[in-house]
Amino acid sequence: MWSQTLSWASLGLLCLRATAAATDAPVVRGNNDSIWQVQLLHKDNTTVQGYLKATPGPNHVGVTIYAKFWGIPEEGLPLLYHVHKQRVPEDGNCYSTSGHLDPYGRTDQPPCDIKAPQTCEVGDLSGKHGPIWAPPGESVAISYPDWFLSNVEGSPAFFGNLSVVVHAADNTRLTCGNFEMAN
């Protein structure tokens, strides 16, 4: 009986430590003038296409994301999109991009709360700013500030040289592309 109690107590401590390890993302200050962009790849498994552009935010705080998506399918909505930890390899395999950019250990469970974006994974763009919705055949253009992404290499929240993946609602990876410096 004692060993079971100790095991449950140990498990409780491990869970408490895991929860305590995740911290809110800080607002990123001091971004530089670099501009990064992503062109999503044309894929045989989807009609979804698009691009994203990240420019320095006001007073170099965070970034401003400009995105446009088109070829929205009739099924699998809403579309989710995230910054992933690895680049898309030369073979274009979107499943080789690893998980979401998550330098503060938040993970994706429980789901991101759009009303508290600092508590979300840094790379969970659709969780922090809303998923991609558009009537089939129409395009959607969006723009928003993201206070938690960094364009400074070496920062934990640095997204440059990483990738963006667009997922169907069932998490199927539809298309992806790599950030490249635009200037």
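An unreviewed UniProt entry annotates the chain as superoxide dismutase of Aspergillus homomorphus. One UniProt comment on the chain, placed under Sequence similarities (unreviewed entry), says "Belongs to the Cu-Zn superoxide dismutase family." The chain has a UniProt comment under Catalytic activity (unreviewed entry) that states "2 superoxide + 2 H(+) = H2O2 + O2".

A few words on the confidence of the model for the chain. As a general rule, the predicted coordinates of low-pLDDT regions are not to be interpreted in detail. On average, the chain scores 89 in pLDDT, and the residues at 70 or more come to 88%. Low pLDDT (under 50) marks residues 1-20, which in the prediction has 0 contacts with non-local residues, meaning those over four places away or in another chain.

A few words now on unusual backbone geometry. Residues apart from glycine generally show negative phi values, whereas peptide bonds are mostly found in trans. That bond from Leu 77 to Pro 78 is cis: its omega, 0°, falls within 30 degrees of zero. Note on placement: Pro 78 falls in the loop between strand S3 (63-70) and strand S4 (80-84). Phi at Ser 98 takes a positive value of approximately 65°, unusual for a residue other than glycine. Positionally, Ser 98 belongs in the loop between S4 and helix H2 (125-129). By relative accessible area, which is 32% here, Ser 98 ends up partly exposed.

About the cut-offs
- Residues numbered from 1 in each chain as written.
- Predicted model: local features only at pLDDT ≥ 70, side-chain atom pairs only at ≥ 80, totals over all residues.
- Heavy atoms only, no water.
- UniProt positions renumbered as here; feature names shortened; annotations may be inferred.
- pLDDT = per-residue confidence, 0-100.
- Contact = heavy atoms within 4.5 Å.
- Helix = DSSP H or I, 4+ residues; strand = E, 2+ residues; numbered from the N terminus.
- Buried < 20%, exposed > 50% of the residue type's maximum accessible area, 1.4 Å probe, protein only.

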